[in-house]
Amino acid sequence: MTPKISQFLAEKKPQTPCLVMDVDEVERRYRDMQAAIPPARIYYAVKANPARPLLDRLVFLGASFDAASWDEIDFCLSAGARPENISFGNTVKKVSAIKAAYEAGIRLFVFDCIEELEKIARFAPGSRVYCRLLVNNQGAEWPLSRKFGTTPESARKLLLRARDLGLDPYGVSFHVGSQQISTDAYEVAISRAGALFADLAADGVRLRMLNLGGGFPIHYREDIPGIRQFGQTISRALTAYFGNTLPEILVEPGRFIAGSAGVVSSEVILVSHRGYDEGPRWVYLDIGRFGGLAETEGESIRYELRTARDGAETGPVAIAGPTCDGADILYEKSGYVLPVTLEAGDRIEILGTGAYVSTYCSTRFNGFLPLTEYYI
Ligand SMILES: *Cc1c(COP(=O)(O)O)cnc(C)c1O
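Predicted model only: the values in this text are computed from it and were never measured. (Residues numbered from 1 in each chain as written. Predicted model: local features only at pLDDT ≥ 70, side-chain atom pairs only at ≥ 80, totals over all residues. Heavy atoms only, no water.)

1. Things to note about unusual backbone geometry
So, step 1. With an omega of -5 degrees, the peptide bond running from Thr16 to Pro17 counts as cis.
So, step 2. Unusually for a residue other than glycine, Glu299 sits at a positive phi of about 55 degrees.
So, step 3. Looking at where Glu299 falls in the secondary structure, it is placed in the loop between β13 (281-285) and β14 (305-307).
So, step 4. Glu299 gets classed as buried once you look at its relative accessible area, which sits at 9%. (Helix = DSSP H or I, 4+ residues; strand = E, 2+ residues; numbered from the N terminus. Buried < 20%, exposed > 50% of the residue type's maximum accessible area, 1.4 Å probe, protein only.)

2. A look at the UniProt feature "active site" (unreviewed entry) in the protein chain
So, step 1. What UniProt calls "active site" (unreviewed entry) maps, in this numbering, to Cys324.
So, step 2. Overall, Cys324 belongs to the exposed group, its relative accessible area being 76%. (UniProt positions renumbered as here; feature names shortened; annotations may be inferred.)

3. What about the site of the ligand?
So, step 1. Around the ligand, a shell composed of 14 residues is seen, among which Lys47, Ser178, Glu252, Arg255 and Tyr356 lie nearest.
So, step 2. Between the ligand and Ser178, the relevant distance is 2.4 Å, taken from an oxygen atom to a side-chain nitrogen or oxygen of the residue.
So, step 3. A distance of 2.6 Å is found between an oxygen atom of the ligand and a side-chain nitrogen or oxygen belonging to Tyr356.
So, step 4. Contact with the protein chains hides 92% of the accessible area of the ligand, taken as 390 Å² for the molecule alone.
So, step 5. One can see that the ligand is located within the largest pocket.
So, step 6. For the shell around the ligand, a count of residues per class yields three nonpolar, six polar and five charged. (Near = heavy atom within 4 Å. Polar contact = N/O pair within 3.5 Å; in protein donor to acceptor, adjacent residues only side chain to side chain. Areas by Shrake-Rupley, 256 points an atom, 1.4 Å probe, with all protein chains shown as cover. 1 Å grid on protein atoms, 1.4 Å probe; cavity = no way out; pocket = protein on both sides within 12 Å on 5 of 7 lines; lining within 4 Å. Sits in = over half its atoms within 2 Å of the grid points. Nonpolar A, V, L, I, M, F, W, Y, C, P; charged D, E, K, R; others polar.)

4. With respect to the environment of Pro322
So, step 1. Mapped onto the secondary structure, Pro322 falls in the loop between β15 (314-320) and β16 (329-331).
So, step 2. The class of Pro322 is partly exposed, set by a relative accessible area of 22%.
So, step 3. Between the C-alpha atoms of Pro322 and Ile287, which are 35 residues apart in sequence, the distance is 6.3 Å.
So, step 4. Beyond its immediate sequence surroundings of up to four residues, Pro322 is in contact with Ile269, Leu285, Asp286, Ile287, Gly288, Asp328 and Phe368. (Contact = heavy atoms within 4.5 Å.)

5. Side note on the UniProt feature "modified residue: N6-(pyridoxal phosphate)lysine" (unreviewed entry) in the protein chain
So, step 1. Mapped onto this numbering, the UniProt entry annotates "modified residue: N6-(pyridoxal phosphate)lysine" (unreviewed entry) at Lys47.
So, step 2. When residues no more than four places from it in sequence are discounted, the contact partners of Lys47 are Glu72, Tyr356 and Thr359.

6. Some details on the packing of aromatic side chains
So, step 1. Counted by the stated rule, this structure contains 11 aromatic pairs.
So, step 2. Ring centres of Tyr186 and Phe216 lie 4.8 Å apart, and the angle between their planes is 15 degrees; this geometry places the pair in the stacked category. Remark: Phe216 occurs in the loop between β10 (209-211) and α9 (227-242) and Tyr186 occurs in helix α8 (residues 184-202); sequence separation between them is 30 residues. Across this residue pair, the class does not change: Tyr186 and Phe216 are buried.
So, step 3. Taken together through their ring pairs, the aromatic side chains of Tyr186, Phe216 and Phe230 make up a single cluster.
So, step 4. When the ring centre of Phe88 is taken as reference, the NZ or CZ atom of Lys93 above it lies at 5.7 Å. (Phe/Tyr/Trp six-rings, centres within 6.5 Å; stacked < 30°, edge-to-face > 60°. Lys NZ or Arg CZ within 6 Å of the ring centre and 35° of its normal.)

7. A word on the environment of Glu248
So, step 1. On the secondary structure map, Glu248 appears in strand β11 (residues 248-251).
So, step 2. Given the relative accessible area of 33%, Glu248 is considered partly exposed.
So, step 3. It is 37 Å that separates the C-alpha atoms of Glu248 and Pro3, two residues lying 245 residues apart in sequence.
So, step 4. Discounting chain neighbours no more than four positions away, the residues touching Glu248 are Tyr170, Arg208, Met209 and Leu210.
So, step 5. Here the side chain of Glu248 touches Tyr170 through a polar contact of 2.3 Å, side chain to side chain.

Spelled out as structure tokens, the structure:
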């Protein structure tokens with residue numbers, strides 16, 4: 001938690017649940033990444049948190065943007081981003097969105113299959129296109145599964161086809177899975193991409209761009225490698241597989257830029273023993289799975305919690321949200337402990353919630369309003 005957020009919470013005591021984001025921290029993370037991976041141009045993955053104050057700051061810093069839909073493109077343009085600094089990075093795009101993007105001047109599109117490539121050729125003629133490779137998401141705490149990406153053999157054919165369709169076969173992308181804690185994942189993916197660049201050069205197509213995707217992790221409860229370590233591995237792999245002819249390098253961080261800049265402040269609604277002799281107390285908060293903490297599904301993302309009673313004796317707890325839905329349990333198996341004196345009315349701060357929380361929030365499920373957001 002940054003000093004600015006602590007001070008805001010202490011002085012303003014805002015109604016809960018709310019998300020407080022320190023926009024200066026977003027800037028620090030952006031600069032840290034730039035310093036750690038100097039050859040890369042940063043395309044912020046807007047889906048992580050599309051709030052205007054955050055986009056404004058990133059535009060000011062000269063960032064580029066990875067957008068998933070026409071509306072996200074529109075957010076970026078309204079914040080002053082130039083169309084040449086926006087990539088339409090979703091492999092699944094509505095025709096109406098491709099048309100609108102093209103009309104707005106967007107010329108960089110991703111694809112991973114012939115059907116999407118043909119849509120782009122028809123509705124965004126002559127654009128730069130890049131093909132997403134399927135890579136192993138092992139090591140990622142929030143994997144992106146087999147929903148996206150294709151094999152190197154198929155990518156080779158598709159990029160040749162792109163040229164025949166009058167598009168500019170520009171490059172290759174991958175995503176190693178979100179909250180990826182293994183630096184090796186990037187190395188393996190870069191080696192695959194390198195082989196594809198070589199194969200296509202042999203076919204007479206010279207690709208010019210490699211997009212390393214997102215996935216860069218932030219600290220939750222467990223320690224993770226720092227961004228410098230990711231930078232070192234990436235730099236070594238780029239030299240090993242591309243030598244002196246580096247293509248343009250892109251990264252698309254979402255979580256890394258926004259995640260640690262945000263804190264959710266919540267209130268304990270109930271602490272109960274429920275008549276069990278054994279087993280944990282149940283702690284119910286005024287935010288849960290449906291209030292934005294969707295990444296607690298499968299207890300995948302394990303947030304760090306703070307209370308005003310930290311330092312006192314603790315005991316095991318299960319933690320759940322406020323709705324009448326059985327799936328609205330945050331943690332039962334991950335070994336959470338909280339102070340034994342915790343009681344209804346206490347506040348709990350949930351750290352690292354700047355990414356993938358505000359946008360995952362449901363509207364009025366069980367009557368609960370979406371969480372309030374403060375950008376300071
Ligand atoms: C979600 C996403 C990102 C951002 O991923 P993080 O793990 O948050 O860095 C980047 N690129 C694409 C294509 C994505 O779908």
